[in-house]
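# Notes for the structure review
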Amino acid sequence: MGNTSVVEAMKAAGLYKDTGRIEEQMLKTILPNGEVREHKMAEIDYFDLMIFADELDIALKYENPLIQSLFAKNAVGIANLIRVINVESGSGFKDSVGSGRQLDAVLLRAEQFYDPDSSTAMRLTWEREIDEAKDETFFEGATADSVLTMADEEGIALLGFVDFAELPCCSAWKLTYLSVAYNIQILDFGLTDYQNAYPLRELKQPLFQYPKESIKGEVRYFRAGTDDMQPIGLWIKMSSNLRSLGSN
Amino acid sequence: MAKNIQQLLVDATKYPAAVEGMLPEGAPAISATLADVAGKIPVLPDFIIEIPDLPAVPELPQLPALPGPPAGNAAGLPRFVTGARVTPVTKQVIIPSPAVGVIPEVITRRGL
């Protein structure tokens, strides 16, 4: 399972300090196929990253250790995402006490996403009635089958999925990121961690969706039933967009 | 013999042309203007009688030699300007934007 602490992961990366300021840097993500993506990361107070680590560990304190380790493993990547978003928001990361353009991070929940079964409406729950075996969109934009695009001052870290359905219906996931379709990943929850009965599937490559970028997620439902697959990750937003209980 | 006003004007261009030939290059050419006017005035009826040619251009005295162009560039223009006050401009310090130049890189192999 490894490290389950975001704070420890940030300390190991030299990013957990209460004074000083980390300079502007260019994040180069080198994919296994040699493709290189570049995102500019704004300068930020080390203290802001310290707040992020402290509060995320608190938010996850009573979570399953598998989830904790997933966030700890990707803590530096999420910190990088925060700094990329801060290029546009420009007011740092103040977490739960932020205001205005200061950033905060919230765990993913159903009401943040569009309902793929009802265009323009938001999801109310992760539960989804599946009437037959079929391919369906899971993440989409405001209209049916459209892409979900980030605004200038927000981003998503998607790390994996859990499925608490009594009879999981989902068997595979396909991501389209920046109009490029990636290989499917099998999400056979029936084979996951049978000892602890915790149906978690980690994405082989975490998705960091930076500002202005688009994604579309599709899944394969291999049988009828009530599915309950939900994503594990964070949505980084400006505090001004985090004051609605019903949708933020 | 001039039959009309146009011919008379053209004939008359010989007087300024004689003076212009003694002026330095670039002096105003009245003869050219006069010939141009002769070609552009409305066509008028001929004179009722033909007018004899205008008298020949009298011999003009030699003009004194003109001074040469002032020392300067190839066009003879001086290399200086008078009547202007020049004051040094305060040196401007250009501050590059953060995006200019090499930004330190962070390499990662996690994520898409």
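Every value quoted in this text rests on a predicted model; they were computed, and no experiment measured them.

Let us now look at the overall build of chain B. Along its length, chain B carries three helices and one strand. Taken from the N to the C terminus, the helices and strands of chain B come in the order α-α-α-β. With 112 residues in all, chain B has 13% of them scored as buried. The contacts in chain B between residues at least 6 apart in sequence include a share of 71% that link residues at least 24 apart. With an accessible surface of roughly 9300 Å², chain B has 66% of that area assigned to carbon and sulfur atoms.

So, about the sheet that holds strand β9 (residues 155-163) of chain A. Residue and element names in this part refer to chain A. Taken in spatial order, the four strands line up as β5-β16-β9-β13 in an open sheet, and their pairing is antiparallel. Of all strands in the sheet, those with a lone pairing partner are β5 (103-107) and β13 (200-209), marking the two edges. Across this sheet, the average inter-strand angle for adjacent strands is 15 degrees, counted without regard to direction. In this structure, β9 lies alongside strand β16 (residues 229-238), joined through eight bridges in antiparallel fashion. Considered in β16, the bridge of F161 is made with P231.

All right, on to the pairing of strand β3 (residues 36-41) of chain A then. Residues and elements named next belong to chain A. On β3, burial follows the alternation: R37, H39 and M41 on one face are buried, whereas V36, E38 and K40 on the facing-out side are not. Sheet topology places strand β2 (residues 25-30) next to β3; six bridges connect them, and they run antiparallel. Opposite L27, over in β3, you have H39 as the bridge partner. Here β2 folds back onto β3, and the loop between the two strands holds five residues, one of which, G34, carries a positive phi near 95 degrees.

This next bit is on the interface of chain B and chain A. Contacts between chain B and chain A engage twelve residues on the former and 23 residues on the latter. Carbon and sulfur atoms make up 57% of the area that chain B and chain A hide from each other, which totals about 1700 Å². When the buried area of chain B at its contact with chain A is split by residue, V106, R110 and L112 of chain B rank highest and sum to 47% of it. Inspection of the region where chain B meets chain A yields one salt bridge. Joining chain B to chain A, the criterion identifies eight residue pairs in polar contact (both at pLDDT 80 or more). Within the side of chain B that touches chain A, the residues separate by chemical class into seven nonpolar, two polar and three charged. For β2 of chain A and strand β1 (residues 105-108) of chain B, the ladder comprises four bridges, and the chain directions are parallel. By the bridge assignment, L27 of chain A is partnered in β1 of chain B with V106 of chain B.

Attention now goes to the state of the cysteines. Enumeration over the complete set of coordinates arrives at zero disulfides over all chains. In this structure C169 of chain A is not part of a disulfide, and its nearest cysteine sulfur, from C170 of chain A, lies 8.4 Å away.

Residues and elements named next belong to chain A. Structurally, P65 can be placed in helix α3 (residues 65-73). According to the relative accessible area criterion, P65 is partly exposed, its value standing at 35%. Taking the C-alpha atoms as reference points, P65 and G141, separated by 76 residues in sequence, lie 32 Å from one another.

This paragraph deals with the domain arrangement of chain A. Residues and elements named next belong to chain A. Per the domain assignment, the segments making up chain A are domain 1 (6-106) and domain 2 (108-237). The gap between the C-alpha centroids of domain 1 and domain 2 is 23 Å. Each partner contributes to the interface: domain 1 provides 30 residues, whereas domain 2 provides 32 residues. Summed over both partners, the interface of domain 1 with domain 2 comes to about 2400 Å²; 70% of that surface belongs to carbon and sulfur atoms. Contact with domain 2 buries area across many residues of domain 1, yet L70, L81 and V106 alone supply 24% of it, more than any other trio. In this structure, the connection of domain 1 to domain 2 is made through three salt bridges. A salt bridge links K73 to E202, with the shortest nitrogen-to-oxygen separation between them at 2.9 Å.

Tracing the chain through its elements places T108 of chain B in strand β1. Leaving out residues up to four positions away in the same chain, T108 of chain B has contacts with L27, K28, T29 and I30 of chain A.

Reading guide: rules and limits
- Residues numbered from 1 in each chain as written.
- Chains lettered and ligands numbered in written order.
- Predicted model: local features only at pLDDT ≥ 70, side-chain atom pairs only at ≥ 80, totals over all residues.
- Heavy atoms only, no water.
- Helix = DSSP H or I, 4+ residues; strand = E, 2+ residues; numbered from the N terminus.
- Buried < 20%, exposed > 50% of the residue type's maximum accessible area, 1.4 Å probe, protein only.
- Contact = heavy atoms within 4.5 Å.
- Areas by Shrake-Rupley, 256 points an atom, 1.4 Å probe, with all protein chains shown as cover.
- Pairing = 2+ DSSP bridges.
- Axes fitted to C-alpha atoms, helices over the stretch in contact; angles between N-to-C directions.
- Buried area = accessible area lost by both parts, 1.4 Å probe.
- Salt bridge = Lys/Arg side-chain N within 4 Å of Asp/Glu carboxyl O.
- Polar contact = N/O pair within 3.5 Å; in protein donor to acceptor, adjacent residues only side chain to side chain.
- Nonpolar A, V, L, I, M, F, W, Y, C, P; charged D, E, K, R; others polar.
- Disulfide = S-S within 2.5 Å.
- Domains from an automatic or database assignment.

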